2 protein chains.
Amino acid sequence: MSKLYVVGIGPGGKENMTFKAVEAIKNSDAVVGYTPYIEYLGDWVDGKEIFSTGMRGEIERCKKAVELLKEGKTTSIVSTGDAGLYGMAGPIMELTNGVDVEVIPGVTAAFSAAAELGSPIMHDYASISLSDLMTPWEVILKRMDKAAEADFVITLYNPRSKGRPDHLEEALKLVSKYRNSETPVGIVRDSGRPGTKVKVTTLGDIDYEEIDMLTVLIIGNSNTYIKNNKIITPRGYNIK
Amino acid sequence: MSKLYVVGIGPGGKENMTFKAVEAIKNSDAVVGYTPYIEYLGDWVDGKEIFSTGMRGEIERCKKAVELLKEGKTTSIVSTGDAGLYGMAGPIMELTNGVDVEVIPGVTAAFSAAAELGSPIMHDYASISLSDLMTPWEVILKRMDKAAEADFVITLYNPRSKGRPDHLEEALKLVSKYRNSETPVGIVRDSGRPGTKVKVTTLGDIDYEEIDMLTVLIIGNSNTYIKNNKIITPRGYNIK
């Protein structure tokens, strides 16, 4: 029987993919994805039916994947990172009855960025996307505020785009209500890919111009520190 | 030159490991880990020096890994899930100068559990460990409260142990201040391993007796729903 795999391929490049993700792609008749992600897969997709589209073609790709499944083709629809976090698993589950769908988890960009920065997450953390395309800005700000108040490490996806150049600064002002300007911040662009840029800085010292949609930010909690240009959040929680 | 790899091996079993994780282990002279995790690695560790200890031997294992590195042996210290979330990356970064250390990210248990449940995370979420061994209970409760107030999906690690059988219920009471009893909850034991148990239930209907330290809980946000026994958090955020 044909199946629909929703595959998290990790941050990009083959080395952060899991064996299960590769197996799903190899077993598929058709592969659907955002054009650059299909390119990461290289010769694993040789001889397969490919459907790829550009940015913001998410729902079109999901519908196509479901259509291919209905034609009897085992199909993989790929997301970077983990398919179940800001990825394709949700729309696919919404569009199907779930019976023929298998979600295959992957390494999310924040974990890849964290590995490149040292160990900035380690403890309780909150993941927030600053994209307000599908989430009201006030909901996002409330999350920033409460996450900062409760001293979560915070990982930020889609931190800054041309359409909303000042949102990140507005969001980080809320963090500054609770944490001092020396709080370590890691900024990673193109995590896990060739040409990764890794920067260790502090909340008071962020250069907003070097941040875009391909960047992940990790903001430390009140115990996080910098050593040898690596960011470390202690595992145990010391009461100050 | 010898190196120390801190390797996230995913939730357990080879299929959720990344290529990079396997390469690190294959390239190592010595492998250090909690005994059952070493067993997941099977014949990849044949012929290597092995140092394994039981539960709560974390710091002993970290010190041993650093010692092996100093002896000139390329060494992997393994964590299940992602090494940088409640794993070995933190203690290793604290014990070393970071120069010879490479952290290799992995698939965390919450993402593996989410894949088995459908797409319960999808959107902004907070990860909280209920273990109070190294974190004051009042800090944990504050995080539960703020995460629930800001309508994060919540993933819970170490939700319940024999030493604190009633903590989970106390923590979930805080969630009930903000979400109704029909809020979907996914309970997964031994995610990604043979014999995985996956249960879809609601906040009002949790059977606490079936939850232990090997279980991950995922609590939906105010938009999360259940369809065909799968939990779905919509990607877009509808204002109610």
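Residues numbered from 1 in each chain as written. Chains lettered and ligands numbered in written order. Predicted model: local features only at pLDDT ≥ 70, side-chain atom pairs only at ≥ 80, totals over all residues. Heavy atoms only, no water.

**Examining the interface of chain A and chain B**
- Counting residues at the interface gives 66 residues for chain A and 66 residues for chain B.
- Around 5,900 Å² of area is buried between chain A and chain B when both sides are counted, 60% of it from carbon and sulfur atoms.
- When the buried surface of chain A facing chain B is broken down by residue, Phe19(A), Arg143(A) and Arg235(A) rank first, second and third, together holding 14% of it.
- Joining chain A to chain B, the criterion identifies eight salt bridges.
- The residue Glu149(A) makes a salt bridge to Lys146(B) at a minimum N-O spacing of 3.5 Å.
- In this structure, the connection of chain A to chain B is made through 39 residue pairs in polar contact (both at pLDDT 80 or more). (Contact = heavy atoms within 4.5 Å. Buried area = accessible area lost by both parts, 1.4 Å probe. Salt bridge = Lys/Arg side-chain N within 4 Å of Asp/Glu carboxyl O. Polar contact = N/O pair within 3.5 Å; in protein donor to acceptor, adjacent residues only side chain to side chain.)

**Some thoughts on the packing of helix H6 (residues 137-149) of chain B against helix H7 (residues 167-176) of chain B**
All names here are of chain B.
- Relative orientation of the contacting elements H6 and H7 amounts to 35 degrees, with a least axis distance of 8 Å. You can see that H6 and H7 cross each other, and the crossing is right-handed. On H7, the residues that touch Trp 137, Leu 141, Met 144, Asp 145 and Ala 148 of H6 are His 167, Glu 170, Ala 171, Leu 172, Leu 174 and Val 175.
- Considering only residue class, the contact of H6 with H7 consists of eight nonpolar, one polar and two charged. (Axes fitted to C-alpha atoms, helices over the stretch in contact; angles between N-to-C directions. Helix = DSSP H or I, 4+ residues; strand = E, 2+ residues; numbered from the N terminus. Left-handed = near helix turned anticlockwise from the far one by under 90°. Nonpolar A, V, L, I, M, F, W, Y, C, P; charged D, E, K, R; others polar.)

**Examining the confidence of the model for chain A**
- Here chain A averages 94 in pLDDT, and 98% of its residues register 70 or above.
- Interface confidence for the predicted complex, expressed as ipTM, amounts to 0.96; the pTM equals 0.96. (pLDDT = per-residue confidence, 0-100.)

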